[in-house]
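Listed below are the residues making up each chain.
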Amino acid sequence: MTTKLSINELAERKIQGQKITMVTAYDCPSARMVDKAGLDMILVGDSLGMVVLGYDSTVPVTMEEMLHHTRAVMRGAEHVFVLGDMPFMSYQVSIEDALRNAGRFIKDGGCDGIKLEGGREVVPQVQAICRVGIPVCAHIGLTPQTATNLGGFKVQGKDAASARRLFEDALALQDAGAFMIVLECVPDVLAREISRALTIPTIGIGAGKECDGQVLVFHDLVGLFDRFTPKFVKKYAAIEKEIVTALQGYAAEVRGGDFPGPGHSFKMKEEEAKRFLAMEE
Ligand code: KIV
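Residues numbered from 1 in each chain as written. Predicted model: local features only at pLDDT ≥ 70, side-chain atom pairs only at ≥ 80, totals over all residues. Heavy atoms only, no water.

Section: the sheet that holds strand 2 (residues 41-44)
Piece 1. Pairing is parallel in the closed barrel, where eight strands are placed in the order 1-2-3-4-5-6-7-8. For this sheet the average axis-to-axis angle between neighbouring strands, irrespective of direction, equals 25°.
Piece 2. One ladder, built from three bridges, connects strand 3 (residues 81-85) with strand 4 (residues 113-117); its direction is parallel. When the sheet's bridge partners are listed, L83 is paired in strand 4 with G113.
Piece 3. Sheet contacts for helix 4 (residues 63-74): strand 2 and strand 3; angle to strand 2, the most-contacted strand, approximately 155°.
Piece 4. Where helix 7 (residues 160-176) meets the sheet, its contacts fall on strand 5 (136-141) and strand 6 (180-184), and the angle it forms with strand 5 comes to roughly 175°. (Pairing = 2+ DSSP bridges. Helix = DSSP H or I, 4+ residues; strand = E, 2+ residues; numbered from the N terminus. Axes fitted to C-alpha atoms, helices over the stretch in contact; angles between N-to-C directions. Contact = heavy atoms within 4.5 Å.)

Next comes the structure, spelled out in structure tokens:
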């Protein structure tokens, strides 16, 4: 079992050309599985709004929901660096808000750092949060909290001018103190150039193989979310199908009187059973 990586060790991975592995998790059992599998990082992503809570987007997710799930993850994640994802409007209104809510992730949630979405416009928040000693992972490209503003869930930085803006955002976020940047849904050449230009690690999702690490949503990776599957997702299992089959088997056996079987119930000593039945008469 590995021990939790420090921020310096994560940076060292980039220098050594060793890829960083990250996946989302939202509860204790999935965090335990990630821990057992020996991945480096967990993101308690606000994607939980869609894959766990059934919202249509990440926009409605609240701080209370994020903290509830972050605490559950922390009870299962012993050896993994855990990032809490700041939900929409928990850091945009003011620096004070951003600081207070980032602090709640660390103090109430118990996680190791936070992630927030945005480019140069969130530099003041990133600086302030880093200044109090909380590790910040930035997130640019397709930023789901503001997807409507970006024209929907679309690849970002496809033309030279918007690619240049994202490149400069990445540099500004690094200068502001971010220790890592998630690049979501950007062309691979842009992700490669950002990764080469930065000294901090980049984590890609739909950003090609030349990022310093990769992240996927747990439910996408194991085949547990059937509403839609983005092009960049690779499913490594089809768990939903297996669970539905198991549930159908259970229902059929209950209906047919085959479950519970003799091995699934508790017996009373014969003598005690006789005495008990006699009491009924
Ligand atoms: O919320 C989330 O899961 C994310 C990842 C997709 C990077 O932000």
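Past the structure itself, the notes keep going.
Examining helix 4
Piece 1. If you check helix 4, its first and last C-alpha atoms are 16 Å apart, about what twelve residues at 1.5 Å a residue would give, namely 16 Å.
Piece 2. Every buried residue of helix 4 is listed here: M63, M66, L67, H69, T70, A72, V73 and M74.
Piece 3. Those residues of helix 4 hidden inside the fold are in contact with helix 2 (28-37), strand 2, helix 3 (48-51), strand 3 and helix 5 (95-107). (Expected span 1.5 Å × (residues − 1). Buried < 20%, exposed > 50% of the residue type's maximum accessible area, 1.4 Å probe, protein only.)

Brief notes about the site of the ligand
Piece 1. All residues adjacent to the ligand are T24, L43, G45, D46, S47, D85, K115, H139, V182, I205 and V217.
Piece 2. In this structure, D46 approaches the ligand through a side-chain N or O atom, which is 2.9 Å from an oxygen atom.
Piece 3. Protein chains bury 96% of the 260 Å² of accessible surface belonging to the ligand in isolation.
Piece 4. Comparing atom positions with the cavity grids shows the ligand to sit within the largest pocket.
Piece 5. Partitioning the shell around the ligand into residue classes produces four nonpolar, four polar and three charged. (Near = heavy atom within 4 Å. Polar contact = N/O pair within 3.5 Å; in protein donor to acceptor, adjacent residues only side chain to side chain. Areas by Shrake-Rupley, 256 points an atom, 1.4 Å probe, with all protein chains shown as cover. 1 Å grid on protein atoms, 1.4 Å probe; cavity = no way out; pocket = protein on both sides within 12 Å on 5 of 7 lines; lining within 4 Å. Sits in = over half its atoms within 2 Å of the grid points. Nonpolar A, V, L, I, M, F, W, Y, C, P; charged D, E, K, R; others polar.)

Describing the domain arrangement of the protein
Piece 1. Here the domain parsing of the protein yields domain 1 (7-237) and domain 2 (242-280).
Piece 2. Spacing between the C-alpha centres of domain 1 and domain 2 amounts to 47 Å. (Domains from an automatic or database assignment.)

Brief notes about the side chain of N101
Piece 1. Within the secondary structure layout, N101 lies in helix 5.
Piece 2. Excluding its chain neighbours within four sequence positions, the residues that come into contact with N101 are M63, M86 and S90.

Some words on the layout of surface pockets
Piece 1. By volume, the largest pocket amounts to about 630 Å³.
Piece 2. Put simply, the parts of the chain that give the lining of the largest pocket at least two residues each are helix 3, strand 4 and strand 6.
Piece 3. The computed volume of the second largest pocket comes to approximately 480 Å³.
Piece 4. Along the walls of the second largest pocket sit 25 residues, with E121, G141, T143, L150 and D169 positioned nearest its centre.
Piece 5. Those elements giving two or more residues to the lining of the second largest pocket turn out to be strand 5 and helix 7.
Piece 6. A total of four residues in the lining of the second largest pocket trace back to one element, the largest contributor, which is helix 7.
Piece 7. Looking at the lining of the second largest pocket residue by residue, the class counts come to six nonpolar, twelve polar and seven charged. (Points joined across faces, edges and corners; volume = space filled by probe spheres on them.)

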